[in-house]
Amino acid sequence: MFRVDLAGWTVGERVGGSCIHQALRGVCRGFQGLGAAPREASCPLLPCLLLLFGGVGSSVNDGLCGAPQSRVGREGSGEGQGQILQRFPEKDWEDNPFPQGIELFCQPSGWQLCPERNPPTFFVAVLTDINSERHYCACLTFWEPAEPTQEVTCTEDTTEREEEAEEGGPAQLSPVTPGPPGQLFAPKTLVLVSRLDHAEVFRNSLGLIYTIHVEGLNIGLENVIGNLLTCIIPLAGGSQRTISLGAGDRQVIQTPLADSLPISRCSVALLFRQLGITNVLSLFRAALTEHKVLFLSRSYQRLSDACRGLLALLFPLRYSFTYVPILPAQLLEVLSTPTPFIIGVNAAFQAETQELLDVIVADLDGGTVTVPECVHIPPLLEPLQSQTHSVLSMVLDPELELADLAFPPPSTNASSLKMQDKELRAVFLRLFAQLLQGYRWCLHMVRIHPEPVIRFHKAAFLGQRGLVEDDFLMKVLEGMAFAGFVSERGVPYRPTDLFDELVAHEVARMRADENHPQRVLRHVKELAEQLYKNENPYPAVAMHKVQKPGEASHLRRAPRPFPRLDEGVVQWIVDQATAKMQGAPPAVKAERRTTVPSGPPMTAILERSSGLHGNSARRLEVVRNCISYVFEGKMLEAKKLLPAVLRALKGRAARRCLTQELHLHVQQNRAVLDHQQFDFVVRMMNCCLQDCTSLDEHGIAAALLPLVTAFCRKLSPGVTQFAYSCVQEHVVWSTPQFWEAMFYGDVQTHIRALYLEPAEDGDRLQVGELSAPEDERSALDVASEQRRLWPTLSREKQQELVQKEESTVFSQAIHYANRMSYLLLPLDSSKSRLLRERAGLGDLESASNSLVTNSMAGSVAESYDTESGFEDAETCDVAGAVVRFINRFVDKVCTESGVTSDHLKGLHVMVPDIVQMHIETLEAVHLESKRLPPIQKPKLLRPRLLPGEECVLDGLRVYLLPDGREEGAGGTGGGPALLPAEGAVFLTTYRVIFTGMPTDPLVGEQVVVRSFPVAALTKEKRISVQNPVDQLLQDGLQLRSCTFQLLKMAFDEEVGSDSAELFRKQLHKLRYPPDIRGTFAFTLGSAHTPGRAPRATKDKGPSLRTLSRNLVKNAKKTIGRQYVTRKKYNPPSWEHRGQPPPDDQEDEISVSEELEPSTLTPSSALKPSDRMTMSSLVERACCRDYQRLGLGTLSSSLSRAKSEPFRISPVNRMYAICRSYPGLLIVPQSVQDNALQRVSRCYRQNRFPVVCWRSGRSKAVLLRSGGLHGKGVVGLFKAQNAPSPGQSQADSSSLEQEKYLQAVVGSVPRYADASGRNTLSGFSSAHMGSHGKWGSVRASGRSGGLGVDVGSRLAGRDTLAPSQANGAPPDPGFLRPQRAALYIIGDKAQLKGVRPDPLQQWELVPIEVFEARQVKASFKKLLKACVPGCPATEPSPASFLRSLEDSEWLIQIHKLLQVSVLVVELLDSGSSVLVSLEDGWDITTQVVSLVQLLSDPFYRTLEGFRLLVEKEWLSFGHRFSHRGAHTLAGQSSGFTPVFLQFLDCVYQVHLQFPMEFEFSLFYLKFLGYHHASRRFRTFLLDSDYERIELGLLYEEKGERRGQQACRSVWEYVDRLSKRTPVFHNYMYAPEDTEVLRPYSNVSNLKVWDFYTEETLAEGPPYDWELAQGPPEPPEEERPDGGAPQSRRRVVWPCYDSRPRAQPDAISRLLEELQRLETELGRPPERWKDAWDRAKAAQRLEGRPDGRGTPSSLLVSSVPHHRRSLGVYLQEGPVGSTLSLSLDSDQSSGSTASGSRQAARRSTSTLYSQFQTAESENRSYEGTLYKKGAFMKPWKARWFVLDKTKHQLRYYDHRVDTECKGVIDLAEVEAVAPGTPTMGAPKTVDEKAFFDVKTTRRVYNFCAQDVPSAQQWVDQIQSCLSDA
């Protein structure tokens, strides 16, 4: 007796052990193979293996069948393993080894016991062996009572499980009678393994064995099995045989007629029934394009059939990846393989398949196909997709066509399922014939003997079919299946089948039938009949007679278990049969081999019109004429035709025509031309190649390859230049596939010629008698003939032919090594072009589709070939790169073509010599070519200049190349390709200007202008780029400006390197003058008035003294004048806000209303000299603004007005205290001037706190200062109790500082409610736990940008200090009786360790500030995002948005707006604010300016905005010259756009509140452009002090009425505003009391169009004189035009200025009004007067409606609540808390009522939005410092201990909803005390450190103090112990 225990598996072994993996290897080893067909049975016996399997359970009560609750792979799921009980034969057949792991496939869901006796099941699994051969395992499973030893274990449990199984298990297919209670049934499986696919025979045979057993028939099972193993089967090729197993049975085995056609039975029809047409087509496309396909079904047989059906549809391609129709549960891990597959899995395991992200899941039972989002299945190309769909629907639903007929014909009989199956397959067979039609014309026969070597020319196939851009076909041709198709079906002499006939002979018929559905259907039925006949060659005879068991026989108690059979008897029968067979001759069926027909040449699958460049016969005639003129020497004629020829060459036919014509002029491989002819030919060749893709699908480059080595010119005696040296710059030459296809094509030609040569010695007949003329036979025909004759040739003759072929290939390889060196080595080998552009010549990726991309890529390393390791290669290694490229090519083609290794070694030795020799030849050519005279170029266009602007360098001829912006190159915005343009670059004293015309002749003669101010240059870079005309490499220059312009220029060849260098030097000199007087704003007009500059220097000294003496008088004079013009903007009174009037109402002093005589000097008393009256505009502006705000008086006497809290102090009139402050400052009335000097020492740059604005409503003031010095900070907040004298004297300056702040607080009116209100600290502790106040203003960006991240404990060590002397609680977050009167917003870094005393009346708000360098870095990235240097490989909006996000520019804007709105809220709620950040001149200025703009409507007017900029930016010393790098000294610091960032913020506010601003968006762009342009003197220098030193403030006012150009930008704006409304906002309709609260979330911000727009017609539109020039001619032409209204004009994006080409309606009407008045002879009215009159009339019209509100666009229709939303602080519902709310969308949605009360509703409730959904899982939480990974700093994070999920999560801060990391507590090994490491928080006790050690790493933590550290450790320990 024989028993095998497979692989030594033991009972209860865990699944997933090594045995499973062995089995997996055995079953899946062949998955990666190429899927060769199963071998034909040369043995007449049926080589099969019969196995009997039994199951072994791990515990009986667990292993229940039909209870899908048990999951695979879980320990204790009760799944046993299969055991082989018996196998026959005992030893493997020679050619059919025993498949390992087969027991997994017999019970794919696992071996389980069952409480019921189930009916027997049958299915066929498919295994693939290591040779990619398939083995078919037919499995018949039946159930027998389990052995009693197993039954006894646990009866109670079993009965319970039984009930569960009945209730929850699947419904049984047949009535089930359970056995006695506790009876269990175990599965047994009969398995038949065979390499032949006869499923029906397998089913019958196994069924017969089971029937004999179950029915107890008196037939020996051993005889039946012996007969089964030894029955003789028919040979392939349509034969049949009747067999009997000796049990009175009869079966017929039929083999198909053609082995190559798959057998599908009914599987395809069933697949369509289950899934439908669209889903099956999706699966078909997915399998062809190598995606992963997974079938799910509860039926194993259906899974087998579905997989079989899908494979049948893919014919004639063979699926060559993993194919497992039934995957066992234990092997589900196979599904995560990275390779494509077709796999079937039981639907019970659907849950395991849900995590697969890239698998297409087909649910056969549910009829659905799920394609994941990340998977893209390319669609079938039209019209094939729609045609296939309609034919399939006709086959599946023939009645569909008749459904609408009034008199439908009698219903026709539908096809049988088997026939329908063949019809569906026929549809797909037709589809493949149409897809691959003509494929044989693209086969390259590389070798014929000894074995055919065939390659497919993919590019030619796609090009001739017109399908280059078709994604689907491209992927199919690149796939493994198609590679197998070519090697199998490309062979010219082999047996043919249905597909060969169809693709060769029926394509014409299919094309003709396209529009006739009935004819298509007829063709489908004809094909279906052939397919059916192939499977059933003798349908009448196929009758089986096999006994089957009776009904419900499985329910009868079997008399005994399946018996153990006698292996000896079976083996004896097998031996007898084998002996009998040995004597018989081997039966071999001869194959019928024929020449495979090629069919008609291919045609385009869809005739696409070539559109713009459709080539008419006329165009081809032009090409021919031009070429004939060139070769006849008629150069003038040729020159006239050349533009038309270049235009025609965009079309394919013209390019072909050109190559044919040029071939005619080559004699004996050589054509010597003169210089002009050579230039013409090269230009035409370059134009041809320019549009060739790297694939060269139309064969243009292939046709030109012999020509470029034929055309040449003599440069000097002995030196000849060939055309290849001028056409190298095309991507096609660096594409390996192009060279391979060319090589194989040429080899094929020579091999064909080899066999067509007249044979010597009269053995011509041996080579084959030619019936057709020799030259008409294709290479495939010749190869077919040779393959037919091959067996008849003698061995010597065979060797001779093999040798001849090999030497032919070898000689071609040498020839191609030469050719490649010609086209890859540059003429000037000193240039590193080749390295930059094609160093990775072997990599497909490096062969970019852009002609110039890689040569300009900033990092050269990206395009280097990393394999060959020459990343650091020098320029001299051009030869090395070419040698490596050629060697790789030679290796590949010679290996594939069977060249001997000796020859290959010889080639490797030869290649470097060939390259070196060619380099030496080229050196002489390069030297001579430089001496040629230049060609005549078009005339240069001179630019228009501003008055006073002078040319420094006359035009250098350049090409302006397209950069990454698509619009100019005719990209996404449509329009023509304006770039590249040919012209010149000019350098003037003010600008860099390019003027030229597009090189594309189709665009027309549009002048292209691109310019930017020299001062705006931020980066200049030398580049090497291709000249767009003749594609030669040229030196170039890339200039980038901060006004978002980019000049990317290639110098013309006539521009020498010295001229280019001179241009760079002059540009550098103008960009960075040694002194500010060298800038354009100073030199402008100096030529006309030479005397002015010396006078300015002479007066430099006196000017400062004069100013300081008269400053006070001038200011008094300003204040003395009644200020009534701006009465409208007087601050509205408190009552208007709906609040009770304050007690100290008298504080609201308006100097303009009641002036004390003692404080003001009448203007008549001032009698200064003329020079003295030239008072500074800025100083007067500041004073005027202070007076408007009611900010005090100017008085040095002691009799100060008590009622005025603030005064104007002249303490800085000599700029002695602070050079960067203005001369007059607002300080508290109570502070003496001499104290200010001491206060200023505490602040950086001496910029002490001064008032810059006061709220008209709440009387709160806004102060600004520099950041604190370290020395003053400690003393300021040191005192914890009331300050004692000793402590105060410790540092006098800090005492002064403290006094000064108290004076400020004392000067501000307080509004304290009786009930008392919280401070922000109180609010934070009440509503934000311990995560700190200002929670909503946290830093949310990746850079630690401007934001707030403050804990309620400010990192102080004294957090747990004892209660204070005055009884206040120790926690600083207690409720105070009143809100802080002053909030100090300071740098977090400076205020570290500072703890404000609760008794003080001010409170610190530490925030993280982004520094100027971060602004600079962000701006650089923004520049590259908006104006990329080179075109993107895949331009898409997503790539722009990604770059924009990476720049973090919008995050910085968001932070600025957020903080500004916060300050606005504080001011509005009555608290004063001091902004004390960095040095007080960058971010401080931004915040302070924005706060004033948002709070005060006056600053939103033109005059007010000017005053705001003059006051906050100019007078308070923003360093314009330093940040703009105006001089040589600032060159290293670079451009930092702080002011531009402020303007961007204003733009964002303007967008959200368009009716609140008097100025237009153009005004902001204008200032943004000119603050960097240095055209005006306004934005020069760093402070008023510097401007006075240069005499600038005088000159700006004095003599400005002269005729000279404007020196001040404000004056220019005033002049321009009188002429045009360009700066005016027509929608201006303000609410005077309005405080703006803009949304600041990044999602609410927009990219400013100043960064992205461009006008190529005239350059930037901000120099109005230049911008207004071009549109005037059309107006002059209007009288001639007759009807001016009908003149049409094309407006091109990026070329025309759209606002001017298409002005808005109001501007158009005002222009029209002026024009009509001029025509009537009246002086035209100013636009402003006309507009004001129209508005007034509109208001009058609006009166009668009762409310007196106009109804037009002039009035704000924005809802009230939108005007007042944002971040705001307001009283809570009971007046006890302050609320802080982010500008969230929730709040905007909840205030739709529109009333201010509703808008200002309590926002304390809004904090609920920060409660995360995981709150129930937050077992413990708080702030911990965490040490980052290696070399990373300590950071404070918000940690959450989650006992439910057993993890420790951390976030950036308390309200962060996005988890930044998770520590899994399952991995924690220990929690131990830690020690401080470098960079740890200094102020924390050592005992507050602890470490958490996990299996991966050690985490270092630090709590804020020792108790909280202990608490954290306890919590983590308890969590670990709970687990």
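To be clear, the structure that these remarks concern was listed above.
What counts, and at which threshold
Residues numbered from 1 in each chain as written. Predicted model: local features only at pLDDT ≥ 70, side-chain atom pairs only at ≥ 80, totals over all residues. Heavy atoms only, no water. Core = buried A, V, L, I, M, F, W, Y, C linked by side-chain atoms within 4.5 Å. Buried < 20%, exposed > 50% of the residue type's maximum accessible area, 1.4 Å probe, protein only. Helix = DSSP H or I, 4+ residues; strand = E, 2+ residues; numbered from the N terminus. Expected span 1.5 Å × (residues − 1). Polar contact = N/O pair within 3.5 Å; in protein donor to acceptor, adjacent residues only side chain to side chain. Contact = heavy atoms within 4.5 Å. Pairing = 2+ DSSP bridges. Axes fitted to C-alpha atoms, helices over the stretch in contact; angles between N-to-C directions. Phe/Tyr/Trp six-rings, centres within 6.5 Å; stacked < 30°, edge-to-face > 60°. Parallel < 35°, antiparallel > 145°, perpendicular 65-115°, else oblique. Nonpolar A, V, L, I, M, F, W, Y, C, P; charged D, E, K, R; others polar.

Peer 1: Can you break down the nonpolar core residue by residue, with the values?
Peer 2: Core analysis: the biggest nonpolar cluster contains 250 residues, and Ile102, Phe295, Ile342, Phe499, Met685, Phe711 and Trp739 have the highest contact counts within it. Within the second largest apolar cluster, 135 residues are counted, among which are Val1308, Leu1423, Leu1467 and Phe1542.

Peer 1: Please provide a residue-by-residue account of helix α9 (residues 300-314), values included.
Peer 2: The end-to-end C-alpha separation of α9 is 22 Å, in line with the 21 Å expected for 15 residues at 1.5 Å each. When you tally the buried positions in α9, you get twelve out of 15 residues, the bulk of the element. The set of residues buried in α9 consists of Tyr300, Leu303, Ser304, Ala306, Cys307, Arg308, Gly309, Leu310, Leu311, Ala312, Leu313 and Leu314. Taking the backbone nitrogen of Gln301 as reference, a side-chain oxygen 3.4 Å away marks Ser299 as the first, capping residue of α9.

Peer 1: Tell me about the side chain of Ser393, residues and numbers included.
Peer 2: Along the polypeptide, Ser393 turns up in helix α10 (residues 384-396). Those residues in contact with Ser393 that sit more than four places away from it in its chain are Ile277, Pro398 and Leu400.

Peer 1: I'd like a description of the sheet that holds strand β8 (residues 292-297), backed by residues and values.
Peer 2: One open sheet accounts for five strands, arranged β9-β10-β8-β11-β12; its pairing is mixed. Pairing within the sheet leaves two strands with one partner each, and these edge strands are β9 (322-324) and β12 (368-370). Shown here is a sheet whose adjacent strand axes are inclined to one another by a mean of 20 degrees, direction ignored. As paired elements, β8 and strand β11 (residues 359-363) share five bridges and run parallel to each other.

Peer 1: Residues and numbers for the packing of aromatic side chains, please.
Peer 2: Here the structure, examined in full by the defined rule, presents 68 aromatic pairs. Ring geometry for Trp1449 and Tyr1651: centres 6.3 Å apart, planes at 80 degrees, overall edge-to-face. Here the residue Trp1449 occupies a position in helix α45 (residues 1449-1468), and Tyr1651 occupies one in the loop between α53 (1609-1619) and α54 (1664-1667), the gap between them amounting to 202 residues. Neither Trp1449 nor Tyr1651 differs from the other in exposure class; each is buried. Judged by centre distance (5.5 Å) and plane angle (70 degrees), the rings of Phe1520 and Phe1539 are edge-to-face.

Peer 1: Mind laying out the sheet that holds strand β38 (residues 1847-1851), listing which residues take part and the relevant values?
Peer 2: Strand order in the open sheet formed by seven strands is β39-β38-β37-β36-β42-β41-β40, and the pairing between neighbours is antiparallel. Strands with a single pairing partner mark the edges of an open sheet, and in this sheet they are β39 (1861-1864) and β40 (1868-1873). On average, each strand axis in the sheet is tilted by 35 degrees relative to the strand beside it, whichever way the strands run. Relative to β39, β38 runs antiparallel, the two sharing four bridges. The residue bridging Gln1847 from the neighbouring strand is Asp1864, located in β39. The strands touched by helix α62 (residues 1906-1922) within the sheet are β36 (1820-1827), β37 (1834-1842), β38, β40 and β41 (1889-1894), with β36 carrying the most contacts at an inclination of about 110 degrees.

Peer 1: Just give me the short version of the environment of Thr1894, but keep the residues and values in it.
Peer 2: For Thr1894, the position within the fold is in strand β41. Leave out the neighbours within four places in its chain, and Thr1894 touches Ile1863, Glu1867, Val1868, Glu1869 and Tyr1899. Only 2.9 Å separates the side chain of Thr1894 from the backbone oxygen of Arg1897, close enough to count as a polar contact.

Peer 1: Outline the packing of helix α7 (residues 267-275) against helix α8 (residues 277-288), supporting the account with residue identities and numerical values.
Peer 2: Relative orientation of the contacting elements α7 and α8 amounts to 120 degrees, with a least axis distance of 7 Å. Taken as axis vectors, α7 and α8 run oblique relative to one another. Where α7 abuts α8, its residues Leu271, Phe272 and Leu275 lie against Ile277, Asn279, Val280 and Leu283. Here the contact of α7 with α8 is built from residues that sort into six nonpolar, one polar and no charged.

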